[in-house]
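Listed below, chain by chain, are the residues.
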Amino acid sequence: MGHHSGLPDFGSTKDPLGAPTFTGRIKKWGTPAIPPLDPDYPIPPVRLPQRPVTKPSLSESFRTRMLYSCLVDADYLDTERFMKGDMPRGTGDSLETLLTRLQARLNEWDNPTSELNKLRQQILRACVSAAANPKGIYTLTVPTGGGKTTSSLAFALHHAVEHGMKRVIYVVPYTSIIEQNADVFRGILGNENVLEHHSGVQFENDEENGNPDPKALAAENWDSPLVITTAVQFFESMYANRSSQCRKLHNLANSVIIFDEAQMLPLPYLIPCVSAIGELVQHYGVTAVLCTATQPALGRLFKQLAPTIVQHEIAPDPDELFDCFRRVSFCREGVFTPEKLAERLTETAQVLCIVNTRKRARQVYESLPEEGRFHLSTLMIPTDREKTLNV
């Protein structure tokens with residue numbers, strides 16, 4: 001009923017013939033059942049759902065979207081194969097190969113000498129050890145500087161290979177963080193195995209001249225070994241009804257999904273976000289990892305919305321880790337005008353200044369001597385940010 005135009009609302013028995021609802025379309029068809037195209041083909045008539053007496057369950061809505069995702073993606077791929085022939089899809093390496101590459105990089109970090117690197121190695125070993133545990137939901141509470149990006153990747157790849165899973169998906173709140181993480185992953189796993197999919201990425205897709213971009217194709221249905229995307233795109237797709245957004249959903253099943261900076265899950269939408277994570281873990285073979293230095297207290301919500309789920313912490317003794325990684329002290333300096341703040345900054349040989357608005361950042365920046373000053377802002381496009389960071 002939503003094959004081309006998107007999944008419709010159920011509607012009402014009072015909806016007129018042809019209304020853009022499930023009931024309206026049924027009336028337009030004039031039959032309560034969908035007959036097989038060929039009476040001799042062994043497909044039983046499809047049983048249409050009855051109008052629910054009470055509000056339909058969230059689990060049924062997710063099941064509907066997952067089946068819808070399978071249908072529309074299969075249709076897109078079949079049409080593409082008929083119209084264009086074989087396209088470069090599924091071109092990434094196996095997760096076993098990616099794990100071998102990761103392990104080769106990790107071997108370079110064996111026998112650390114500094115105390116901080118010994119702690120990072122301890123966190124890494126905990127992640128590798130926990131990967132043998134059953135699928136479910138995990139927390140990775142590691143302070144800033146603890147190497148959680150690489151350690152979470154180690155958990156994800158070991159866990160995926162151990163349980164025969166399909167891919168690893170990173171869900172990140174900010175595009176600036178995505179750029180940093182994607183660079184780390186590409187350096188370890190190879191550029192062809194990392195799909196960075198968000199509003200700041202443009203693909204060089206030239207299908208008309210016979211040069212389709214494998215990443216542009218993979219972005220349509222997330223058929224890639226490692227996908228890194230934004231929380232907005234991830235959760236909006238989970239609750240979408242359009243074929244273009246829902247097409248990728250079936251490829252979430254049997255995946256390891258890392259929610260980086262999990263404390264940034266938006267408070268006004270916390271219940272639908274936690275519900276979506278719970279559905280994936282309970283019914284679609286997903287392992288979810290809430291990865292952050294400031295772990296949100298979601299235990300009660302998960303117990304309420306996904307009662308079969310029990311969270312497990314991966315990091316060894318997070319409280320002690322935070323004491324060991326404490327590298328700064330705080331003191332109050334009072335309130336400064338942008339000019340006075342700039343004056344204080346020039347008294348220091350090297351300093352990082354973080355302010356709470358882009359306007360204030362610009363004011364402080366313009367008040368500094370031109371030589372040796374650098375300005376970073378989310379108003380900058382990714383290329384300019386990277387250029388500034390590499391100076």
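Not measured: the values here are computed from a predicted model.

1. So, the overall build of the protein
Item 1. Broken down by element type, the protein carries 15 helices and seven strands.
Item 2. C-alpha extents for the protein along the principal axes are approximately 85 × 50 × 45 Å.
Item 3. Scored against the burial criterion, the 391 residues of the protein give a buried share of 42%.
Item 4. Summed over its atoms, the accessible surface of the protein is roughly 22,800 Å², and 53% of this surface lies on carbon and sulfur atoms.
Item 5. Of the charged side chains in the protein, 40 are positive and 45 negative; the average position of the first set lies 7 Å away from that of the second.

2. A closer look at the sheet that holds strand 2 (residues 167–172)
What holds strands together in a sheet is hydrogen bonding between their backbones, with the strands either parallel or antiparallel.
Item 1. The strand order across the open sheet formed by seven strands is 3-4-2-5-6-1-7, and the pairing between neighbours is parallel. Taken across any chain shown, the strands that pair with only one partner, and hence form the sheet edges, are strand 3 (194–197) and strand 7 (311–313). Strand after strand, the sheet turns through a mean of 20 degrees between neighbouring axes, direction not considered.
Item 2. The sheet contacts of helix 8 (residues 231–238) involve strand 2, strand 3, strand 4 (226–230) and strand 5 (255–260), and relative to strand 4 the element is tilted by about 95 degrees.

3. Some remarks on the packing of aromatic side chains
Item 1. The final tally for this structure, using the stated rule, is seven aromatic pairs.
Item 2. The interplanar angle of 90 degrees and the centroid separation of 5.1 Å between the aromatic rings of Phe-234 and Phe-235 together place this pair among those described as edge-to-face.
Item 3. Judged by its relative accessible area of 1%, Phe-234 falls in the buried class.
Item 4. Put simply, the rings of Phe-234, Phe-235 and Phe-259 touch in pairs and so form one group of aromatic residues.
Item 5. Sitting over the ring of Trp-222, Lys-248 keeps its end group 5.2 Å from the ring centre.

4. Looking at the confidence of the model for the protein
Item 1. This prediction gives the protein a mean pLDDT of 86; 92% of its residues lie at or above 70.
Item 2. Within the protein, strand 5 carries the highest mean pLDDT (95), whereas helix 12 (residues 318–324) carries the lowest (79).

5. Some words on the pattern of salt bridges
Item 1. Scanning the model with the defined rule gives 19 salt bridges in all.
Item 2. Between Glu-192 and Arg-101 there is a salt bridge, with the nearest N and O atoms lying 3.6 Å from each other. Pair noted here: Glu-192 is in the loop between helix 6 (175–189) and strand 3 and Arg-101 is in helix 3 (residues 95–107), with a separation of 91 residues, a long-range link.
Item 3. Residue Glu-192 is classed as partly exposed on the basis of its relative accessible area, which comes to 41%.
Item 4. The partner of Glu-347 in a salt bridge is Arg-344, and the shortest N-O contact between them spans 3.8 Å.
Item 5. Of the residues examined, Arg-344 reaches a relative accessible area of 32% and is grouped as partly exposed.
Item 6. Salt bridges linked by common partners bring Asp-73, Glu-80, Arg-89, Glu-220 and Arg-247 together as one network.

6. Some details on helix 4 (residues 115–130)
Item 1. Over its 16 residues, helix 4 extends 23 Å from the first C-alpha to the last, a length consistent with the 22 Å expected when each residue adds 1.5 Å.
Item 2. Regarding helix 4, the residues found buried are Leu-119, Gln-121, Ile-123, Leu-124, Ala-126, Cys-127 and Ala-130.

7. A short note on the state of the cysteines
Item 1. For the coordinates displayed, the defined rule picks out zero disulfides.
Item 2. With no disulfide of its own, Cys-246 lies closest to Cys-70 among cysteine sulfurs, the gap being 11 Å.
Item 3. Here Cys-246 falls in the buried class, since its relative accessible area comes to 0%.
Item 4. Cysteine Cys-291 is unpaired, with the sulfur of Cys-127 as its nearest cysteine sulfur at 7.8 Å.

8. Overview of the environment of Gly-146
Item 1. Note on placement: Gly-146 falls in the loop between strand 1 (137–141) and helix 5 (148–162).
Item 2. C-alpha of Gly-146 to C-alpha of Leu-116: the two residues are 30 residues apart in sequence and 8.0 Å apart in space.

9. Brief notes about empty space enclosed by the protein
Item 1. Evaluated as defined, the whole model comprises two cavities of 30 Å³ or more.
Item 2. Its boundaries defined by the atoms lining it, the largest cavity holds a volume of some 90 Å³.
Item 3. At the level of secondary structure, the elements contributing two or more residues to the lining of the largest cavity comprise strand 3 and helix 7 (214–221).
Item 4. Tallying contributions element by element places helix 7 first for the lining of the largest cavity, with three residues.
Item 5. A breakdown of the residues in the lining of the largest cavity according to their chemical character gives six nonpolar, four polar and four charged.
Item 6. Estimates place the volume of the second largest cavity at around 50 Å³.
Item 7. Lining the second largest cavity are Val-171, Pro-173, Ala-231, Phe-235, Phe-259, Asp-260, Glu-261, Ala-262, Met-264 and Leu-265.
Item 8. Sorting the residues of the lining of the second largest cavity by element identifies helix 8 and strand 5 as the ones contributing at least two each.
Item 9. Here the lining of the second largest cavity is built from residues that sort into eight nonpolar, no polar and two charged.

10. Some details on unusual backbone geometry
Item 1. A positive phi angle, close to 60 degrees, is found at Trp-222, a residue other than glycine.
Item 2. Relative to the helices and strands, Trp-222 resides in the loop between helix 7 and strand 4.
Item 3. You will see that Asn-254, though not glycine, has its phi angle at about 60 degrees, which is positive.

11. Remarks on helix 14 (residues 358–367)
Item 1. Of all the positions in helix 14, only Ala-361, Val-364 and Tyr-365 are classed as buried. The buried residues of helix 14 all sit within an arc of 100 degrees when viewed along its axis, so they share a single face. Residues Lys-359 and Glu-366 are exposed on helix 14 and point more than 90 degrees away from its buried face.
Item 2. Buried residues along helix 14 sit against helix 13 (338–346).

What counts and how
Residues numbered from 1 in each chain as written. Predicted model: local features only at pLDDT ≥ 70, side-chain atom pairs only at ≥ 80, totals over all residues. Heavy atoms only, no water. Helix = DSSP H or I, 4+ residues; strand = E, 2+ residues; numbered from the N terminus. Buried < 20%, exposed > 50% of the residue type's maximum accessible area, 1.4 Å probe, protein only. Areas by Shrake-Rupley, 256 points an atom, 1.4 Å probe, with all protein chains shown as cover. Lys, Arg positive; Asp, Glu negative; His and termini not counted. Charge placed at Lys NZ, Arg CZ, Asp CG, Glu CD. Pairing = 2+ DSSP bridges. Axes fitted to C-alpha atoms, helices over the stretch in contact; angles between N-to-C directions. Contact = heavy atoms within 4.5 Å. Phe/Tyr/Trp six-rings, centres within 6.5 Å; stacked < 30°, edge-to-face > 60°. Lys NZ or Arg CZ within 6 Å of the ring centre and 35° of its normal. pLDDT = per-residue confidence, 0-100. Salt bridge = Lys/Arg side-chain N within 4 Å of Asp/Glu carboxyl O. Expected span 1.5 Å × (residues − 1). Disulfide = S-S within 2.5 Å. 1 Å grid on protein atoms, 1.4 Å probe; cavity = no way out; pocket = protein on both sides within 12 Å on 5 of 7 lines; lining within 4 Å. Points joined across faces, edges and corners; volume = space filled by probe spheres on them. Nonpolar A, V, L, I, M, F, W, Y, C, P; charged D, E, K, R; others polar. Arc of directions from axis to C-beta.

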